[in-house]
Amino acid sequence: MHLLLFAALHWGVTAGDSDDACDGFQCPPFHSCEVDSSNLPECLSYLDPCVNVTCPPFYFCSNASNTSACLPDPFPCADLECPAWFHCEVNITDNAPECYPDSDPCSNVTCPIYYFCEVTHNNTPECEPVSNPCLGVTCPEYLHCEVGPFNNTPECVFDPHPCDTVTCPPYYYCEANSTNNHPECFPDANPCYNVSCQQWFHCEVESENVPVCLPDPDTCMNITCPDYYYCEVNSTDNAPECYPDIDPCSNVTCPPYYFCEIAPVNNTPECEPVSNPCLGVTCPEYLHCEVGPFNNTP
């Protein structure tokens, strides 16, 4: 009996039943064959108390003092890689590693001037422009603060219309000084400078240097009318307008058995076949008139 037990311990145990997956499977000394969940033979130690112990995730089986005990993994965060601006902490309830957002991801971020750090989605720090960088900026007269095109920087720029608050004497005009944008009044070199005439009129200076809007001399010069139309100036507003020719067929010669007709849409003369080209045609006895297949010829 003792010899059999020694042999089993020293040489390992083979299978029992012929139907067992361990049948004929040889294990090392101090191991026995067991069938795993996939019905495959597996050698398990007689002496390890953790062999049949399944610990929860993030725990391991300790066989100290020849007893089994599930102990928490001392470094559960070692295999967990958290995204940027997150860090790993161990849940005290189940020893599971979890990713938590950093408490102040902006602490190590230095933004350029007129920008501030703000935590956005995914706890990511981003430099955002301050909403009003012009706050507290004082510009000289006729200048105002605007945010420049680069880096959200405030700049003092010329007011767009410094002359809006200035009234110059008649036939003087206001112009901003190119150095400091101050509005100044200058005499008109041409009194028509600030006169805006309606279309098809132009400004001329009459007696006492008074600007007057007069009709353009020939407004039809810049107008191209379509075919069979001509240009004429409207007496009310001097505007050039295209009118249809009175008789566009006057210069059109149509082939025999066709006549000229004006299209109602665009005043275009078109040669149309006469409706009965046999009218007036006398044929010899036993013949009659018909319209041929080409050119409407009888």
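Residues numbered from 1 in each chain as written. Predicted model: local features only at pLDDT ≥ 70, side-chain atom pairs only at ≥ 80, totals over all residues. Heavy atoms only, no water.

## Some details on the overall build of the chain
Moving on, step 1. When helices and strands are counted, the chain shows one helix and 18 strands.
Moving on, step 2. A compact globule built from 298 residues would reach a C-alpha radius of gyration of about 19 Å, whereas the chain, at 52 Å, exceeds it by more than 25%.
Moving on, step 3. For the chain, the C-alpha atoms occupy an extent of roughly 145 × 100 × 25 Å along the three principal directions.
Moving on, step 4. Buried residues in the chain amount to 18% of all 298 residues.
Moving on, step 5. In the chain, the share of contacts with a sequence separation of at least 24, taken over all contacts with a separation of at least 6, comes to 13%.
Moving on, step 6. Accessible area for the chain stands at about 21400 Å²; split by element, carbon and sulfur atoms hold 54% of it. (Helix = DSSP H or I, 4+ residues; strand = E, 2+ residues; numbered from the N terminus. Rg over C-alpha atoms; globule rule 2.2 N^0.38 Å. Buried < 20%, exposed > 50% of the residue type's maximum accessible area, 1.4 Å probe, protein only. Contact = heavy atoms within 4.5 Å. Areas by Shrake-Rupley, 256 points an atom, 1.4 Å probe, with all protein chains shown as cover.)

## Some points on the state of the cysteines
Moving on, step 1. A full pass over the atoms with the stated rule returns 19 disulfides.
Moving on, step 2. Note on cysteine connectivity: C82 is disulfide-linked to C99, with sulfurs 2.1 Å apart. The disulfide joining C82 to C99 has a torsion of about -95° about its S-S bond and is therefore left-handed. With a gap of 17 residues between them, C82 in the loop between β4 (69–72) and β5 (86–90) and C99 in strand β6 (residues 97–101) connect regions that are remote in the sequence.
Moving on, step 3. Classification of C99 as partly exposed rests on a relative accessible area of 30%.
Moving on, step 4. Residue C220 pairs covalently with C231 via a disulfide, S to S 2.0 Å. Between C220 and C231, the disulfide has an S-S torsion of -80° and is therefore left-handed. Of this pair, C220 sits in the loop between β14 (211–215) and β15 (229–233) while C231 sits in strand β15, placing them 11 residues apart in sequence. (Disulfide = S-S within 2.5 Å.)

## What about the packing of aromatic side chains?
Moving on, step 1. A full pass over the atoms with the stated rule returns two aromatic pairs.
Moving on, step 2. For the ring pair Y230 and Y243, a centre distance of 6.1 Å and an interplane angle of 35° mean the geometry is tilted. Pair noted here: Y230 is in strand β15 and Y243 is in strand β16 (residues 240–244), with a separation of 13 residues, a long-range link.
Moving on, step 3. Owing to a relative accessible area of 28%, Y243 belongs among the partly exposed residues under this scheme. (Phe/Tyr/Trp six-rings, centres within 6.5 Å; stacked < 30°, edge-to-face > 60°.)

## With respect to a negative patch on the surface
Moving on, step 1. A cluster of like negative charges, contributed by D20, D23, E34 and E42, occupies part of the molecular surface.
Moving on, step 2. For D23, the position within the fold is in the loop between α1 (2–11) and β1 (31–35). (Patch = residues over 30% accessible without salt bridge, like charges linked within 9 Å, V, L, I, M, F, W, Y side chains within 5 Å. Salt bridge = Lys/Arg side-chain N within 4 Å of Asp/Glu carboxyl O. Lys, Arg positive; Asp, Glu negative; His and termini not counted. Charge placed at Lys NZ, Arg CZ, Asp CG, Glu CD.)

## Section: unusual backbone geometry
Moving on, step 1. One non-glycine residue, Y114, lies in the positive phi region at around 70°.
Moving on, step 2. Under the relative-accessibility criterion, Y114 is labelled partly exposed at 28%.
Moving on, step 3. In the Ramachandran plot, Y257 falls in the positive-phi region, its phi being about 70° despite a non-glycine side chain.
Moving on, step 4. Within the secondary structure, Y257 is located in the loop between β16 and β17 (258–262).

## Observations regarding the pairing of strand β11 (residues 172–176)
Moving on, step 1. Relative to strand β12 (residues 183–187), β11 is paired through five bridges, and the arrangement is antiparallel. Its bridge partner being in β12, E175 is matched across the sheet by E184.
Moving on, step 2. Counting the residues between successive antiparallel strands, the hairpin from β11 to β12 contains six residues, one of them, N181, with a positive phi of roughly 70°. (Pairing = 2+ DSSP bridges.)

## So, the side chain of N152
Moving on, step 1. Tracing the sequence through the fold places N152 in the loop between β9 (143–147) and β10 (154–158).
Moving on, step 2. Engagement of the side chain of N152 in a polar contact is seen with the backbone oxygen of V130, the distance being 3.3 Å.
Moving on, step 3. Those residues within four positions of N152 in sequence are excluded, and the remaining contacts are Y114, Y115, P129, V130, P133 and V147. (Polar contact = N/O pair within 3.5 Å; in protein donor to acceptor, adjacent residues only side chain to side chain.)

## Regarding the confidence of the model for the chain
Moving on, step 1. In this model, the chain carries a mean pLDDT of 82, and residues with pLDDT of at least 70 account for 90%.
Moving on, step 2. In the predicted structure, residues 1–18 sits below a pLDDT of 50 and forms 30 contacts with residues beyond four places in sequence or in another chain. (pLDDT = per-residue confidence, 0-100.)

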